[in-house]
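A closer look at the structure
Chain by chain, the residues:
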Amino acid sequence: QVQLVESGGGLVQAGGSLRLSCAASGRTFSNYVMGWFRQAPGKEREFVAGISLTGGRTYYSDSVKGRFTISRDNAKNTVYLQMNSLKPEDTAVYYCAADQGVVTSNPNYWGQGTQVTVSS
């Protein structure tokens, strides 16, 4: 089992920045591909960003590419999501996810989520 705990959400004005963190415990963190998803009210959960085991490869949804950056620190068992130039449409609950295979769809492990609200 992998336990994931997100932090760093909050209220920010449009154009602002936030950094989300996700602390992992329970298994060897570097064995897991990590990702971030989000779910806005009334919408399905969607993939936001993913990062490979060593951090050498990252990938993003088109809606956040160029504004968000995912990174990981395997020594701290933590994955981050730096969010810049935030827009009201980025408002959602953001979830951290982990999988030993593909993280872009239906990963095995999820955090509880952290709310991000972007005001216009």
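First, a word on what this report is: a plain description of the structure on this page. (Residues numbered from 1 in each chain as written. Predicted model: local features only at pLDDT ≥ 70, side-chain atom pairs only at ≥ 80, totals over all residues. Heavy atoms only, no water.)

1. Quick word on the overall build of the protein
Looking only at helices and strands, the protein has zero helices and 11 strands in total. Its helices and strands taken in sequence order, the protein reads β-β-β-β-β-β-β-β-β-β-β from the N to the C terminus. Computed over the C-alpha atoms, the radius of gyration of the protein is 13 Å, within 12% of the 14 Å expected from 2.2 N^0.38 for a compact globule of 120 residues. Projected onto the principal axes, the alpha-carbon positions of the protein cover approximately 40 × 25 × 25 Å. Scored against the burial criterion, the 120 residues of the protein give a buried share of 47%. If you take every contact in the protein between residues at least 6 apart in sequence, the share linking residues at least 24 apart comes to 55%. Total accessible area computed for the protein in this model is approximately 6000 Å², and 45% of it derives from carbon and sulfur atoms. When the 11 positive and 8 negative side-chain charges of the protein are each reduced to one mean point, those points stand 5 Å apart. (Helix = DSSP H or I, 4+ residues; strand = E, 2+ residues; numbered from the N terminus. Rg over C-alpha atoms; globule rule 2.2 N^0.38 Å. Buried < 20%, exposed > 50% of the residue type's maximum accessible area, 1.4 Å probe, protein only. Contact = heavy atoms within 4.5 Å. Areas by Shrake-Rupley, 256 points an atom, 1.4 Å probe, with all protein chains shown as cover. Lys, Arg positive; Asp, Glu negative; His and termini not counted. Charge placed at Lys NZ, Arg CZ, Asp CG, Glu CD.)

2. Examining the state of the cysteines
For the coordinates displayed, the defined rule picks out one disulfide. Each disulfide pairs two cysteine sulfurs, and for C22 the partner residue is C96, the sulfurs being separated by 2.1 Å. Its torsion about the S-S bond being -80 degrees, the disulfide of C22 and C96 is classed as left-handed. Of the two residues, C22 is situated in strand β3 (residues 18-25) and C96 in strand β9 (residues 92-99); the sequence distance between them amounts to 74 residues. For C96, a relative accessible area of 0% puts it in the buried group. (Disulfide = S-S within 2.5 Å.)

3. Side note on the pairing of strand β7 (residues 68-73)
Burial along β7 is one-sided: the residues F68, I70 and R72 are buried and none of T69, S71 and D73 is. In this sheet, strand β8 (residues 78-83) lies alongside β7 in antiparallel orientation, the contact comprising six bridges. Each bridged residue has a counterpart across the sheet, and for R72 the counterpart in β8 is V79. Turn length for the β7-β8 hairpin, with the two strands adjacent in sequence and antiparallel, is four residues, and the turn residue N77 shows positive phi of about 55 degrees. (Pairing = 2+ DSSP bridges.)

4. Quick notes on the pairing of β3
With five bridges joining them, strand β1 (residues 3-7) and β3 adopt antiparallel strand pairing. Note on β3: the bridge partner recorded for L4 is A24.

5. Observations concerning the packing of aromatic side chains
What the rule picks out here adds up to five aromatic pairs. Where Y32 meets Y109, the ring centres are 6.0 Å apart and the plane angle is 75 degrees; that geometry is what we call edge-to-face. Highlighted residues: Y32 in the loop between β3 and β4 (33-39) and Y109 in strand β10 (residues 109-110), separated in sequence by 77 residues. You'll find Y32 and Y109 in the same group, each marked buried. (Phe/Tyr/Trp six-rings, centres within 6.5 Å; stacked < 30°, edge-to-face > 60°.)

6. Re the environment of V93
For V93, the location among the structural elements is in strand β9. The exposure class of V93 is partly exposed, given its relative accessible area of 21%. Along the sequence, V93 and V12 sit 81 residues apart, while their C-alpha atoms lie 14 Å from each other. When neighbours within four sequence positions are excluded, V93 is seen to be in contact with F37, R38, Q39, G113, T114 and Q115.

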